[in-house]
Amino acid sequence: MTDPTSLPNFPPPPDEHPLRGRVLDALIDQGLAPDIDGDGDVAFTVQDQQLFVRCTEGDFQIMRLFGQWAISDAVPSDPLTRLATCNEITLQLNIVKAGLANDTLVVTGEHIVTPTSDVAALVNITIQLVLAGVQMWHERIMGGGGESGPGAGQPAPDGDPA
């Protein structure tokens, strides 16, 4: 008898989840070894970061590429500062949105995908934008990233310019 754990993990038939199949193909072509997790999301690792793609099928196919990062104790704990930094990243970058779920930073990039969309290009650029968004969020909240962080250009509490 064949050991069932030794069988290859085949992706679902293309007609079952067409967008998810296209995403899997794009990630496999990039050598990223994707897997389907328990929620039906496509999970993969790039630059030592765990990312996911959630595909919504229907009248409009929507591809949401996202990651989740635990916020360290070194990051200022003020919720308003954290949210202001998320808002700043969301407003500055195209496609990318940043938000908080408890002490977790969530950064996403979403696309409406048509049958003629270049899914491989969308996946590739969105990976880079999401990772850049995470890096920018950390730089800004820790006081780096130039004059555009929360409170930049505001007078210091003693009235002197910051």
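Heads up: these notes are all about the structure in this document. Computed from a prediction, not measured in an experiment: that's the story for all the values here.

The strand order across the open sheet built from six strands is 1-2-3-4-6-5, with neighbouring strands paired in antiparallel fashion. Sheet topology places strand 1 (35-36) and strand 5 (96-101) at the edges, where each strand pairs with a single neighbour. Packed on one face of the sheet, helix 1 (residues 18-29) meets strand 1, strand 2 (42-46), strand 3 (49-56), strand 4 (61-70) and strand 6 (104-113) and runs near 55° to strand 4. The sheet contacts of helix 2 (residues 79-92) involve strand 5 and strand 6, and relative to strand 5 the element is tilted by about 165°.

Structurally, Pro76 is set in the loop between strand 4 and helix 2. Each C-alpha atom of the pair Pro76 and Ile141 lies 7.3 Å from the other, and the pair is 65 residues apart in sequence. Setting aside chain neighbours within four positions, we find Pro76 in contact with Arg82, Ile141 and Met142.

Quick look at the pairing of strand 3 now. Sheet analysis places strand 2 next to strand 3, joined by five bridges and oriented antiparallel. Bridging from a neighbouring strand, Val46 pairs with Gln49 of strand 3. The antiparallel hairpin formed by strand 2 and strand 3 contains two residues in its connecting segment, where Gln47 sits at a positive phi of about 50°. As defined by bridge partners, strand 3 adjoins strand 4 across six bridges and the pair is classed as antiparallel. Note on strand 4: the bridge partner recorded for Cys55 is Met63. Connecting strand 3 to the next strand, strand 4, in antiparallel fashion are four residues, including Gly58 with a positive phi near 145°.

This paragraph deals with the environment of Cys55. Note on placement: Cys55 falls in strand 3. Once the C-alpha coordinates of Cys55 and Leu19 are considered, the two residues, 36 residues apart in sequence, prove to be 6.4 Å apart. Discounting residues that sit within four places of it in the chain, Cys55 has contacts with Leu19, Arg20, Val23 and Ile62.

Further remarks concern the packing of helix 2 against helix 3 (residues 119-141). In a packed pair of helices, the relevant descriptors are the angle between the two axes and the axis-to-axis distance. Where helix 2 meets helix 3, the axes come as close as 10 Å, and the angle between the chain directions of the two elements is 135°. For the element pair helix 2 / helix 3, the angle class is oblique. Along this stretch, helix 2 crosses helix 3, giving a crossing that reads as right-handed. Contacts from Thr81, Arg82, Thr85, Cys86, Glu88, Ile89 and Gln92 in helix 2 reach Gly133, Met136, Trp137, Arg140 and Ile141 in helix 3. Class assignment for the residues of the contact of helix 2 with helix 3 results in five nonpolar, four polar and three charged.

Counted at 1.5 Å a residue, the expected span for helix 2 with its 14 residues is 20 Å, and the 20 Å between its end C-alpha atoms agrees. Among the residues making up helix 2, those that are buried are Arg82, Thr85, Cys86, Glu88 and Ile89. Down the axis, helix 2 shows its buried residues gathered within 160° of arc, on one side only. Along helix 2, exposed side chains directed more than 90 degrees from the buried face belong to Pro79, Leu80 and Leu91. For helix 2, the elements touching its buried residues are strand 5, strand 6 and helix 3.

Now for the pattern of salt bridges. This structure, assessed with the given rule, holds five salt bridges. One salt bridge connects Arg82 with Asp103, and the closest N-O pair in it is separated by 3.0 Å. Residue Arg82 is located in helix 2, and its partner Asp103 is located in the loop between strand 5 and strand 6; the two are separated by 21 residues in the primary sequence. For Arg82, a relative accessible area of 8% translates into the label buried. The class of Asp103 is partly exposed, set by a relative accessible area of 47%.

Rules of the game
Residues numbered from 1 in each chain as written. Predicted model: local features only at pLDDT ≥ 70, side-chain atom pairs only at ≥ 80, totals over all residues. Heavy atoms only, no water. Pairing = 2+ DSSP bridges. Helix = DSSP H or I, 4+ residues; strand = E, 2+ residues; numbered from the N terminus. Contact = heavy atoms within 4.5 Å. Axes fitted to C-alpha atoms, helices over the stretch in contact; angles between N-to-C directions. Parallel < 35°, antiparallel > 145°, perpendicular 65-115°, else oblique. Left-handed = near helix turned anticlockwise from the far one by under 90°. Nonpolar A, V, L, I, M, F, W, Y, C, P; charged D, E, K, R; others polar. Expected span 1.5 Å × (residues − 1). Buried < 20%, exposed > 50% of the residue type's maximum accessible area, 1.4 Å probe, protein only. Arc of directions from axis to C-beta. Salt bridge = Lys/Arg side-chain N within 4 Å of Asp/Glu carboxyl O.

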